[in-house]
Amino acid sequence: EISNMDDQLLVLIASGKGADLVPDVMLPATKLHEHESMDAAAKRFISEELPDLGGAMHFGASRAEATEKKSKLGVRSVYLKTTYPVRLRSSLARVGSRQNMNRPCSLAGEALLQVQPLEVPNRRDGKRYVYAWLHPEAFHKLSASAAKDDTFRQWLENYSRMKPAGSGSDNKQDEAEDQAYQGV
């Protein structure tokens, strides 16, 4: 759970391959690799799988939660979820205007007005993961309606057209183009 100085959460908003992005609204997460500690997995995830967030990250105490349920193959399994609260201290992580950030969102489309997408450029596996900073209420509204929201799907189509797979970079032109997505 990564938050910034404005209490926004870093949220995965879409994933896919090539130009095919689908809504996938959730907090960022990873699975342990074989013989990997939880701390090593968190560091790997932040350094290799998330966009460059800049700034200093301050880790809080981890929380562990065990749940028992059937796996995809029907085997009863215990799943261990460890959450690391991380606070990012950087002006780069501050997104949106104060007026919009403090105003509650009533629709998924309204939440998208605040989105400035972040993507890991040129991933080795060809997969695309699009992230954004969202306030918790916007995250909950977007996650509740993303799968059935035509505005969100249109926003993703526009994003894919403007940012084809592998085109991610951090220059000023991209920032100007990012502003165009917000007007869907």
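K.L.:
Help me out: how do you make sense of the overall build of the chain in this one?
P.N.:
In terms of regular secondary structure, the chain is built from six helices and nine strands. In the chain, which comprises 184 residues, the share counted as buried stands at 38%.

K.L.:
What is the right way to read unusual backbone geometry from this model?
P.N.:
Negative phi characterises most residues that are not glycine, and trans characterises most peptide bonds. Phi is positive for Asp7, close to 60°, though the residue is something other than glycine. Inspection of the secondary structure assignment puts Asp7 in the loop between strand E1 (2-3) and strand E2 (9-17). Even without being glycine, His35 reaches a positive phi, approximately 65°. On the secondary structure map, His35 appears in the loop between strand E3 (20-26) and helix H1 (38-49).

K.L.:
Sorry if this is basic, but what is going on with the packing of aromatic side chains here?
P.N.:
What describes a pair of aromatic rings is the distance from one ring centre to the other and the angle between the planes of the rings. Inspection of every chain in the model, using the stated rule, returns three aromatic pairs. Considering the side-chain rings of Phe59 and Tyr84, the 6.4 Å spacing of their centres and the 80° angle between planes classify their relative orientation as edge-to-face. Remark: Tyr84 occurs in the loop between strand E6 (76-83) and strand E7 (86-89) and Phe59 occurs in strand E4 (residues 56-59); sequence separation between them is 25 residues. Judged by relative accessible area, Phe59 falls into the partly exposed class, the value being 44%. Residue class for Tyr84 comes out buried when judged on its relative accessible area of 16%. Ring pairs connect the aromatic residues Phe152, Trp155 and Tyr159, which therefore count as one cluster. The ring of Tyr79 carries Lys69 above its face, with NZ or CZ at 5.5 Å from the centroid.

K.L.:
How should I be thinking about the side chain of Asn4 in this particular structure?
P.N.:
Along the polypeptide, Asn4 turns up in the loop between E1 and E2. On the basis of relative accessibility, which here comes to 0%, the residue Asn4 falls in the buried class. A distance of 3.0 Å separates a polar side-chain atom of Asn4 from the backbone nitrogen of Asp6.

K.L.:
It is not clear to me how helix H5 (residues 150-162) should be interpreted in this structure. Could you clarify?
P.N.:
At 3.6 residues per turn, the α-helix brings residues three or four places apart onto the same side. Counted at 1.5 Å a residue, the expected span for H5 with its 13 residues is 18 Å, and the 18 Å between its end C-alpha atoms agrees. Among all positions of H5, only Phe152, Trp155, Leu156, Asn158, Tyr159 and Ser160 are buried.

K.L.:
Just to check I follow, could you spell out the confidence of the model for the chain for this structure?
P.N.:
Low-pLDDT stretches of the model should not have their predicted coordinates read in fine detail. Averaged over every residue, the pLDDT of the chain is 78; residues scoring 70 or more account for 76%. The secondary-structure element of the chain with the lowest mean pLDDT is helix H2 (residues 98-102), recorded at 41, while E1 shows the highest, at 92. Between residues 96-106, whose pLDDT stays under 50, and residues either more than four places distant or in other chains, the model counts 20 contacts. The model gives residues 168-184 a pLDDT under 50, and that stretch makes 26 contacts with residues more than four places away or in other chains.

Cut-offs applied
- Every chain's residues receive numbers from 1 upward, in the order its sequence appears when written.
- Local features in this predicted model are restricted to residues whose pLDDT is 70 or higher, and side-chain atom pairs enter the listing and the counts only when it is 80 or higher, whereas totals over whole chains, interfaces and linings include all residues.
- Calculation of side-chain values draws on the structure's entire complement of heavy atoms; hydrogens and water are dropped beforehand.
- Where helices and strands are cited, they refer to DSSP runs of H or I of at least four residues and of E of at least two residues respectively, numbered from the N terminus.
- For every residue, the accessible area (1.4 Å probe, protein chains only) is compared with the maximum for its type, and the residue is labelled buried under 20%, exposed over 50%, or partly exposed between those bounds.
- Two aromatic rings, drawn from Phe, Tyr or Trp (for Trp, its six-membered ring), form a pair once their centres lie within 6.5 Å of each other, and the interplanar angle then sorts them: stacked below 30 degrees, edge-to-face above 60, tilted otherwise.
- Whether a charge lies above a ring is judged from NZ of Lys or CZ of Arg, which has to be within 6 Å of the ring centre and within 35 degrees of the ring normal.
- Contacts described as polar in this section are N or O atom pairs within 3.5 Å, which, within protein, must combine one atom able to donate a hydrogen with one able to accept it, while residues neighboring in sequence count only if both atoms come from side chains.
- Expected span of a helix: the number of residues minus one, times 1.5 Å.
- pLDDT is defined as a per-residue confidence score from the predictor, taking values between 0 and 100.
- Any pair of residues with heavy atoms lying within 4.5 Å of one another is described as a contacting pair.

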